[in-house]
Every structure is written in structure tokens, then in C-alpha cells.
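Inside the fold
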Amino acid sequence: KVREGKILHYGCSNWRLPRVLEAAAYAAAHGLQGFCCDQIMWSLAETAPGVLTDDTLVSMDDAFFAYHQESRMAAMAYSSQGKGYFARAAAGKTTEKDEREFGTPRNRAVLEALRKISARTGIPVSTLAVHAVTAQTFPAVPIVSSGNPAHLYQALAAAALCTDARWAAQLNALARGGEYPKANA
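Just so it is clear, the structure is predicted and the values come from calculations on it, not from any experiment.

Concerning the overall build of the protein
Counting its regular elements, the protein contains eight helices and four strands. Mapped from its N terminus to its C terminus, the protein presents α and β elements in the order β-α-β-α-β-α-α-α-α-β-α-α. Compactness check: the protein gives a C-alpha radius of gyration of 17 Å against a globular reference of 16 Å for 185 residues, within 12% of the reference. For the protein, the residues scored as buried account for 36% of the 185 residues in total. A separation threshold of at least 6 residues defines the contact pool for the protein, and within that pool the share at least 24 residues apart is 72%. When the accessible surface of the protein is summed, it comes to about 10,200 Å², and 57% of that surface belongs to carbon and sulfur atoms. On the protein, the mean spot of the 19 positive side-chain charges and the mean spot of the 16 negative ones are 5 Å from each other.

What follows is the structure, given as C-alpha cells:
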């Protein structure tokens, strides 16, 4: 359909990295257009062990992240808001379900780092959490949703943020499970 002009670009969703690499190699070897994007589960929020029972869901990991950096293939991040966990946690309004799904030590550490950044910049925690996806060296698009217009506005505000390379690297460190540098906290 690409040759017919009916499809301009296409991508994959929930493909594991070896399959993406195989498709890219095949397209390159045969002079074909490869994928322009990969739709993947990706958020600052880590899901608690045992919560995800659907083994067809593929999450961003270090290897996939490195592939996106190297290939510059776009990533479309679903669940980019971590189901609103950081927004509710920052407001002190988490539910039992939130704590069961996202109440991990890593997420609490990320929340504290986001609170520090928010206090310093005035940018809401929820906006920063989504911006962690957009602040990449490769095209990255968070897929967001909300039943609350104010929350949707905060998520959409992430697209308007312009951050310097150091700040983007710090958000990347959080996104990859690292720590926000203490000197800048």
C-alpha cells in the first residue's frame, strides 16, 4: 500500500525488540521503507511486580531505549501518565488501587524528585511526568487521556516545555530508573 500511495508511514505496537530489529533489517535489505514509530508502554511510573498479567504488552526498557536513541525511530508512549499515579500522589490522593499498582519504592523516589523539580520550577508534577517522555533525543509522543479537563491541560502542557540538555538528561535518568542528581535536587 505504500507504493500505491495509500499509506505514507507505518509503525508497530507491542513488538519486542528482536522482532523490531528483524523487521528493520528486512526492510533495509530489500530497499523497503521501515517502521517510522513504535507504540510502547512507557512512563516514569514503574508498575508493581505481578500487576501486568498481559504478556503481549511491551514496556520501554534499557535496550529499547538505546535502540530508539540510535535509530531515532519515534516512540509513541501509551500509559505515559502512569494512570495518573504521580498527579494523585503529589496531591496526597492515591487510592488503594494506585498503591497496589504503582506504590513501589522507586516510584516514591521518583515522586520526591518530581516534587523538588516542581517546587523549583513551578511546573506541576503531572506535567513533568509526561515531559519525561517528550524530553528525548529521538521523537517521543506521549499518548494521554483524562476525564478531567484540568488534568488534560497539565498533560498537554508538557509538549510546550523547552528544557536544556542537562535537564532533559536528568528527566531521562528518572525515566530509566536512575536517580535525580542530588546536587540539582
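Here's the deal with the pairing of strand β2 (residues 37-41)
The buried fraction of β2 amounts to four of the five residues, a majority that puts the element mostly inside the structure. With three bridges joining them, strand β1 (residues 11-13) and β2 adopt parallel strand pairing. Note that in β2 the partner of G11 across the bridge is C37. This β-α-β element, β1 to helix α1 (residues 17-29) to β2, shows right-handed connectivity. Pairing of β2 with strand β3 (residues 74-78) involves five bridges; the strand directions are parallel. Its bridge partner lying in β3, C37 is registered against A74. You can see the chain leave β2, run along helix α2 (residues 62-71) and come back into β3, and the turn it takes is right-handed.

Some remarks on α2
Those residues of α2 that fall on the buried side of the exposure criterion are F64, F65, Y67 and H68. Taken around the axis of α2, the buried residues stretch over an arc of 160°, which confines them to a single face. In α2, the exposed positions angled more than 90 degrees off the buried face are occupied by D62 and E70. The N-terminus of α2 is capped by D61, whose side-chain oxygen sits 3.2 Å from the backbone nitrogen of A63. Taken from the residues just after α2, R72 is the one with a positive phi, measuring 65°.

Concerning the side chain of Q81
Looking at where Q81 falls in the secondary structure, it is placed in the loop between β3 and α3 (85-90). Judged by its relative accessible area of 19%, Q81 is buried. Reaching out from Q81, the side chain makes a polar contact with the backbone nitrogen of S145 at a distance of 3.0 Å.

Parameters at a glance
Residues numbered from 1 in each chain as written. Predicted model: local features only at pLDDT ≥ 70, side-chain atom pairs only at ≥ 80, totals over all residues. Heavy atoms only, no water. Helix = DSSP H or I, 4+ residues; strand = E, 2+ residues; numbered from the N terminus. Rg over C-alpha atoms; globule rule 2.2 N^0.38 Å. Buried < 20%, exposed > 50% of the residue type's maximum accessible area, 1.4 Å probe, protein only. Contact = heavy atoms within 4.5 Å. Areas by Shrake-Rupley, 256 points an atom, 1.4 Å probe, with all protein chains shown as cover. Lys, Arg positive; Asp, Glu negative; His and termini not counted. Charge placed at Lys NZ, Arg CZ, Asp CG, Glu CD. Pairing = 2+ DSSP bridges. Right-handed = clockwise from strand over helix to strand, strands pointing away. Arc of directions from axis to C-beta. Polar contact = N/O pair within 3.5 Å; in protein donor to acceptor, adjacent residues only side chain to side chain.

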